[in-house]
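Here is how the chains run, residue by residue.
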Amino acid sequence: MPDTVYLELGHGLLRMDAIGQYDQLKLSHVAEIALEDIVVDEDDEPAVGSYERTFLTFGSTEPRCTGLRYWTDERSDPGAGVVKCLGIEIDDVDTIFADPTWHFGIHLGTAEHLQRWRRDHFDPARGMREVSWSRSHDAKDVS
């Protein structure tokens, strides 16, 4: 179960940890993968693999983040890097969606998964917020 996922960025790694009973993502910028921090069963060992071809259609040599969309609820603290879930737009084309509430750990998906999660789980009446940022616009609350 992937409780920790790393995304390689141009200037380091984005580390995502499922926290709060797998209800929130803790985001942090790190320089390297810390395999010793990853909890696995005693018969298993952590490994590093690539999902690039799964999510990036054009295989850019230097993919860059061109937009973000995240959701918060009463347990989130965006200033501390804690959000409900996160969508990262890559090169204005692809989306990587990270959802810690999946019963097998952090689920990585596409724009389709992001839209399905939003349709099925986003509820402003329960205090949830949706925030969007793009390289061309500052962050804004879109809920």
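Rules used throughout
Residues numbered from 1 in each chain as written. Predicted model: local features only at pLDDT ≥ 70, side-chain atom pairs only at ≥ 80, totals over all residues. Heavy atoms only, no water. Helix = DSSP H or I, 4+ residues; strand = E, 2+ residues; numbered from the N terminus. Contact = heavy atoms within 4.5 Å. Buried < 20%, exposed > 50% of the residue type's maximum accessible area, 1.4 Å probe, protein only. Polar contact = N/O pair within 3.5 Å; in protein donor to acceptor, adjacent residues only side chain to side chain. Phe/Tyr/Trp six-rings, centres within 6.5 Å; stacked < 30°, edge-to-face > 60°. Pairing = 2+ DSSP bridges.

*Asks:* Can you explain the environment of Gly67? Please cite residues and give values.
*Replies:* Structurally, Gly67 is set in strand 4 (residues 65-72). Residues Gly67 and Glu42, 25 residues apart in the sequence, show an inter-C-alpha distance of 39 Å. When residues no more than four places from it in sequence are discounted, the contact partners of Gly67 are Gly87, Ile88, Glu89, Trp133 and Ser134.

*Asks:* How would you explain the side chain of Lys84 if you had to name every residue and give the values?
*Replies:* Looking at the secondary structure, you find Lys84 in the loop between strand 5 (82-83) and strand 6 (85-90). Taking relative accessible area as the criterion, Lys84 reaches 11% and is therefore assigned buried. A polar contact is formed between the side chain of Lys84 and the side chain of Asp73, at a distance of 3.4 Å.

*Asks:* Can you explain the packing of aromatic side chains? Please cite residues and give values.
*Replies:* Two aromatic rings are characterised by how far apart their centres lie and by the angle between their planes. Going through the model one piece at a time under the given rule, you end up with 4 aromatic pairs. Ring centres of Trp71 and Phe97 lie 6.2 Å apart, and the angle between their planes is 85°; on these two criteria the pair is classed as edge-to-face. Note that Trp71 is positioned in strand 4 and Phe97 in strand 7 (residues 94-99), a separation of 26 residues in sequence. Each member of the pair, Trp71 as well as Phe97, carries the same accessibility label: buried. Between the aromatic rings of Trp71 and Trp117, the centroid separation amounts to 5.3 Å while the plane-to-plane angle is 55°, which identifies the pairing as tilted. Here the residue Trp71 occupies a position in strand 4, and Trp117 occupies one in helix 2 (residues 111-121), the gap between them amounting to 46 residues. For Trp71, a relative accessible area of 0% corresponds to the buried category. Taken together, the ring pairs connect Trp71, Phe97 and Trp117 into an aromatic cluster.

*Asks:* Could you give an account of the sheet that holds strand 3 (residues 24-30), with specific residues and numbers?
*Replies:* Here we have 4 strands laid out as an open sheet, ordered 1-2-3-5, and antiparallel in their pairing. Bordering the open sheet on either side are strand 1 (4-9) and strand 5, each of which pairs with just one other strand. In this structure, strand 2 (residues 12-19) lies alongside strand 3, joined through 7 bridges in antiparallel fashion. By the bridge assignment for strand 3, Ile19 is matched with Gln24.

By themselves, these figures tell us nothing about what the structure is for.
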